[in-house]
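Coordinates in review
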Amino acid sequence: MSTEELCQRAVAMLDLAYVPYSHFPVGAALECEDGTVFTGCNIENAAYGPTNCAERTAVFKAVSEGYRCFTRIAIASRSEEFCPPCGVCRQVLAEFSPDMDVLLTTPSGKTKTLSLRELLPYTFASAMLE
Ligand code: THU
């Protein structure tokens, strides 16, 4: 799938975001190594803490369907500022695919590609527990 298509899948999720508190929709499209794509949106909660980010929604959908190896994730919001993944989402992505790429996109079509390694250097990972 092209970068543009993956970003479009993330943008399409903005309409499904449940954001009555922040009014800040986020969409994500997570590409697996075999090309399968899982999408996600942020899902907020009146207690705030249980809110789930778009990226983690996509990861949890994928892992719960048996997919653990990811190549790219596209992340969209309605802001012209890029919406980089929060620290918790970086850690969750790194659990499964520390060498994946993160694509950020804006409504005007600006895109930026970062590696998860640059976003989360010195990753705490399972190998450290051995
Ligand atoms: N949010 C995401 O979905 N992904 C991020 O990486 C950053 C923040 C959501 C959480 C909350 O619903 C809203 O954006 C405002 O923080």
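Counting from 1, residues in each chain are numbered in the order their sequence is written. This being a predicted model, a pLDDT of at least 70 is required before a residue's local features are given, and a value of 80 or more before pairs of side-chain atoms are given or counted; all residues contribute to the totals for chains, interfaces and linings. With hydrogens and water stripped out, all remaining heavy atoms of the structure feed into the side-chain values.

With respect to the side chain of Thr 105
Working definition: helices are DSSP H or I runs of at least four residues, strands are E runs of at least two. Numbering for both runs from the N terminus. Relative to the assigned elements, Thr 105 resides in strand 4 (residues 101–105). Only protein chains enter the accessibility calculation, which uses a 1.4 Å probe; a residue whose area is less than 20% of its type maximum is buried, one above 50% is exposed, and one in between is partly exposed. Take Thr 105: its relative accessible area is 5%, and that puts it in the buried class. Here the side chain of Thr 105 touches Lys 110 through a polar contact of 3.4 Å, landing on its backbone oxygen. Residues within four places of Thr 105 in sequence aside, it is in contact with Cys 7, Val 11, Ile 75, Ala 76, Ser 77, Phe 82, Lys 110 and Thr 111. Under this definition, polar contacts are N or O atom pairs within 3.5 Å; protein pairs additionally need one hydrogen-donor-capable and one acceptor-capable atom, and for neighbouring residues in sequence, both atoms have to be side-chain atoms. Whether two residues touch is decided by their heavy atoms; if any such pair falls within 4.5 Å, the residues are in contact.

Examining the packing of aromatic side chains
Any pair of Phe, Tyr and Trp rings, taking the six-membered ring for Trp, is counted once the centres come within 6.5 Å. Such a pair is stacked with planes under 30 degrees apart, edge-to-face with planes over 60 apart, and tilted for the rest. Summed over all chains, the structure comprises three aromatic pairs. Plain terms: the ring middles of Tyr 21 and Tyr 48 are 5.8 Å apart, the flat faces sit at 50 degrees to each other, and that makes the pair tilted. Taken together, the residues Tyr 21 in the loop between helix 1 (3–12) and strand 1 (26–32) and Tyr 48 in the loop between strand 2 (37–41) and helix 2 (54–63) connect sequence positions 27 residues apart. A ring pair is formed by Phe 70 and Phe 96, whose centres lie 6.1 Å apart and whose planes are at 65 degrees; its orientation type is edge-to-face. Here the residue Phe 70 occupies a position in strand 3 (residues 70–77), and Phe 96 occupies one in helix 3 (residues 87–96), the gap between them amounting to 26 residues.

What to know about the site of the ligand
We call a residue near a molecule or strand when any one of its heavy atoms sits within 4 Å of it. Inspection of the region around the ligand gives Ser 22, Phe 24, Val 26, Asn 42, Glu 44, Thr 51, Cys 53, Ala 54, Glu 55, Pro 84, Pro 85 and Cys 86 as its neighbouring residues. Here an oxygen atom of the ligand and a side-chain polar atom of Glu 44 are 2.5 Å apart. At a separation of 2.7 Å, an oxygen atom of the ligand approaches a polar side-chain atom of Glu 55. Burial of the ligand by the protein amounts to 78% of the accessible area it has alone, namely 370 Å². Side-chain classes are defined by residue name, with Ala, Val, Leu, Ile, Met, Phe, Trp, Tyr, Cys and Pro counting as nonpolar, Asp, Glu, Lys and Arg as charged, and the others, Gly among them, as polar. Taken together, the residues of the shell around the ligand sort by class into seven nonpolar, three polar and two charged. Using a 1.4 Å probe, the Shrake-Rupley method yields the accessible areas, and only the shown protein chains count as cover for residues.

Structural notes on the state of the cysteines
Disulfides are defined as cysteine sulfur pairs within 2.5 Å. Counted according to the given criterion, the structure contains zero disulfides. Cys 83 carries a free sulfur, and the closest cysteine sulfur to it, the one in Cys 53, is 8.2 Å from it. On the accessibility criterion, Cys 83 (10% relative accessible area) is buried.

Regarding helix 3
All buried positions along helix 3 are accounted for by Cys 89, Arg 90, Val 92, Leu 93 and Ala 94. Contacts made by the buried residues of helix 3 are with strand 1, helix 2, strand 3 and helix 4 (116–119).

Brief notes about the side chain of Thr 123
Summarising the element assignment, Thr 123 is placed in the segment after helix 4. Thr 123 sits in the buried class, given a relative accessible area of 18%. Of the polar contacts made by the side chain of Thr 123, one reaches the backbone oxygen of Leu 120; its length is 2.7 Å. The residues contacting Thr 123, other than those within four sequence positions of it, are Ala 94, Arg 117 and Met 128.

Concerning the environment of Ser 77
Counting through the fold element by element, Ser 77 comes out in strand 3. With a relative accessible area of 4%, Ser 77 lands in the buried category. C-alpha of Ser 77 to C-alpha of Arg 9: the two residues are 68 residues apart in sequence and 12 Å apart in space. Ser 77 has contacts with Leu 14, Phe 24, Pro 25, Cys 83, Thr 105 and Pro 107, leaving out every residue within four places of it along the chain. A polar contact is formed between the side chain of Ser 77 and the backbone nitrogen of Ser 79, at a distance of 3.1 Å.

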